[in-house]
Each structure stands twice: as structure tokens, then as C-alpha cells.
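# Geometric and topological summary
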Amino acid sequence: AQSVSQHNHHVILSEAASLELGCNYSYGGTVNLFWYVQYPGQHLQLLLKYFSGDPLVKGIKGFEAEFIKSKFSFNLRKPSVQWSDTAEYFCAVTLKAAGNKLTFGGGTRVLVKP
Amino acid sequence: SQTIHQWPATLVQPVGSPLSLECTVEGTSNPNLYWYRQAAGRGLQLLFYSVGIGQISSEVPQNLSASRPQDRQFILSSKKLLLSDSGFYLCAWSGQASYEQYFGPGTRLTVT
């Protein structure tokens, strides 16, 4: 069965530190990849997406992610975090052959200390 | 612009009672609609999706059902709630030809 794994469940770091969240998926076909973010008390919102083309994609708020097909990975990065980046981050995948049903990873809670 | 609404925002129900959660979308037509459940520490699990009125696909066997009586209305129901139905329920929509999904504010359900 298809699955999405986020290996870090909780991350605590200080402001200005760099952030990298891992995401691996187990699909064999062509995929669309997403990172969603849920700030405290807010809706789940799209941070960035990859459909095709340049495997390094840039999203909102200084985030970027790199699709490495050979590693089945789509890791999220930010060079310098802010306190406002405290949130829960979800990686999600759709298999193009299966329409647009999202499969989510378990999420990573990120706490940025001021 | 498109908006998505869910109500109620929070709900506390006893075991064995019925459930009805509503989701409506504004500003678009013929959307795909989705119900997810978010359990603590377990990410989001797709429960149901719908590509049109009356068309419901269930992703996991469970105590819940879904209906789509109107184009932009999606309802999640149960005849008798179980303790295990507690969780955070999210509705989402996408365009028919789009892979991006947009989420509502969610309903926190506590079954006591």
C-alpha cells in the first residue's frame, strides 16, 4: 500500500537555526508532492507543491523543498527559522494514476524558541 | 474567491448518539470534496471523497458515512457514535482538474 513517512515527529530549535524535515513515500508511479502547514489555531494551508520540472521548489515564507526521485524523498527546508514558523508540517502525496486523493504523512510538530 | 465552511467547530457527543457534520464550499462549482480525520500524532486519513452529487467513495471501513445532497455540500454522518470516532474532522475541496486541495477550519469531535 502507498505510504508517506515523516521520520521526525517533534523538532525543537532556536530562531535563526536551519530547518530540514524529512519526507519519504513508497509509490512507484508518477507523483505529485505537497507540504502543508497548520499554524496554531489556523486552517491547514498549502506551503509548496511539486508537479513536474525543476525538482527544487520554493514556497511561501522562505520554505523550499527538493524532490529526489531516486530516494523517493521530498524534504522541506528553511535556512533560518522564525518563532512564527512554529506549526505542524505535513507532507502529502498523490499518485497521478489515482487522481487527486492525498495521502498524508504523520506530521512533524516544530517548535521554534525565541 | 473560494471559501470553505465547516460546522460545528466543536462538538461533544455521548457514545451511541448520531452525528452530522456539514461542509459547504462557496465560489466554485462542481468541486471534488473530501472528508479527512486527523487523530493526534497520526496525520490525516482520507475517509471519503466525492466527484459529484450523490457520488461518494469510501476509503476506509468505519462507523461513518458521507453524503453529497448538493453540488457544494458535503455531510459526514453516523447513526451511533463510538469512542474511537473522536478526532478532528477536516473537509477539503479541489477543482476537478486540480491536484491542490483546500481545507476548511475543521470540527473537533469528542465522544464521551
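In this text, all values refer to a predicted model and were calculated from it rather than measured experimentally.

Looking only at helices and strands, chain B features zero helices and eleven strands. Each helix (α) and strand (β) of chain B, taken in turn from the N terminus, gives the series β-β-β-β-β-β-β-β-β-β-β. In terms of overall dimensions, chain B is globule-like: its C-alpha atoms have a radius of gyration of 13 Å, near the 13 Å expected for 112 residues. Principal-axis analysis of the C-alpha atoms places the extent of chain B at approximately 40 × 25 × 20 Å. For chain B, the proportion of its 112 residues judged to be buried stands at 48%. Long-range pairs, those at least 24 residues apart, make up 54% of the contacts in chain B between residues at least 6 apart in sequence. Accessible area of chain B: about 5200 Å², with a carbon and sulfur share of 53%. Seen as two clouds, the 7 positive and the 6 negative side-chain charges of chain B have centres 10 Å apart.

On a plain count of helices and strands, chain A comes out with zero helices and twelve strands. Ordering the α and β elements of chain A from the N terminus gives β-β-β-β-β-β-β-β-β-β-β-β. Relative to the compact-globule value of 13 Å for 114 residues, chain A shows a C-alpha radius of gyration of 14 Å, a close match. In terms of its C-alpha atoms, chain A occupies a principal-axis envelope of roughly 45 × 25 × 20 Å. The buried share of chain A, taken over its 114 residues, is 46%. Summed over all atoms, the accessible surface of chain A reaches about 5400 Å², with 53% contributed by carbon and sulfur.

What follows deals with the interface of chain B and chain A. Each partner contributes to the interface: chain B provides 22 residues, whereas chain A provides 20 residues. Interface area for chain B against chain A, summed over the two sides, is near 1700 Å², with a carbon-plus-sulfur share of 54%. Sorting the residues of chain B by area buried against chain A places Y99(B), E100(B) and F103(B) first, and these three jointly supply 40% of that buried surface. Seen at the junction of chain B and chain A, the total is two salt bridges. Between the two partners, chain B and chain A, sit six residue pairs in polar contact (both at pLDDT 80 or more). Top contributing element to the side of chain B that touches chain A by residue count: strand β4 (residues 32–38) of chain B, with four residues. Residues that form the side of chain B that touches chain A fall into these classes: nine nonpolar, ten polar and three charged.

Once that is clear, we can look at the pairing of strand β12 (residues 108–113) of chain A. All names here are of chain A. Going residue by residue along β12, you find T108, V110 and V112 tucked away on one face and R109, L111 and K113 left uncovered on the opposite face. Inspection of the sheet shows strand β10 (residues 87–95) paired to β12 by three bridges, in the antiparallel sense. Directly across from E88, in β12, lies its bridge partner R109.

Quick look at unusual backbone geometry now. For the bond from W7(B) to P8(B), the omega torsion is 0°, close enough to zero to count as cis. Locating P8(B) in the fold gives a position in the loop between β1 (3–7) and β2 (10–13). Look at A16(A): it is not a glycine, yet its phi comes out positive at around 80°. In this fold, A16(A) is placed in the loop between β2 (10–14) and β3 (19–21). Since its relative accessible area comes to 53%, A16(A) is described here as exposed. The backbone phi angle of N30(B) is positive, close to 50°, even though this residue is not glycine.

What follows deals with the state of the cysteines. Residues and elements named next belong to chain B. Within this structure, the stated rule accounts for two disulfides over all chains. With its sulfur 2.0 Å from that of its partner, C23 forms a disulfide with C91. Looking along the S-S bond of the C23-C91 disulfide, the torsion reads about -75°, which is the left-handed sense. Taken together, the residues span a long stretch of sequence, with C23 in strand β3 (residues 19–26) and C91 in strand β9 (residues 87–94) at a distance of 68 residues. Judged on exposure class, the residue C23 and its partner C91 are both buried.

You can see K78(A) is positioned in strand β9 (residues 73–78). If sequence neighbours within four positions are ignored, K78(A) has contacts with A17(A), S18(A), L19(A), K61(A), G62(A), F63(A) and D85(A).

The rules we used
- Residues numbered from 1 in each chain as written.
- Chains lettered and ligands numbered in written order.
- Predicted model: local features only at pLDDT ≥ 70, side-chain atom pairs only at ≥ 80, totals over all residues.
- Heavy atoms only, no water.
- Helix = DSSP H or I, 4+ residues; strand = E, 2+ residues; numbered from the N terminus.
- Rg over C-alpha atoms; globule rule 2.2 N^0.38 Å.
- Buried < 20%, exposed > 50% of the residue type's maximum accessible area, 1.4 Å probe, protein only.
- Contact = heavy atoms within 4.5 Å.
- Areas by Shrake-Rupley, 256 points an atom, 1.4 Å probe, with all protein chains shown as cover.
- Lys, Arg positive; Asp, Glu negative; His and termini not counted.
- Charge placed at Lys NZ, Arg CZ, Asp CG, Glu CD.
- Buried area = accessible area lost by both parts, 1.4 Å probe.
- Salt bridge = Lys/Arg side-chain N within 4 Å of Asp/Glu carboxyl O.
- Polar contact = N/O pair within 3.5 Å; in protein donor to acceptor, adjacent residues only side chain to side chain.
- Nonpolar A, V, L, I, M, F, W, Y, C, P; charged D, E, K, R; others polar.
- Pairing = 2+ DSSP bridges.
- Disulfide = S-S within 2.5 Å.

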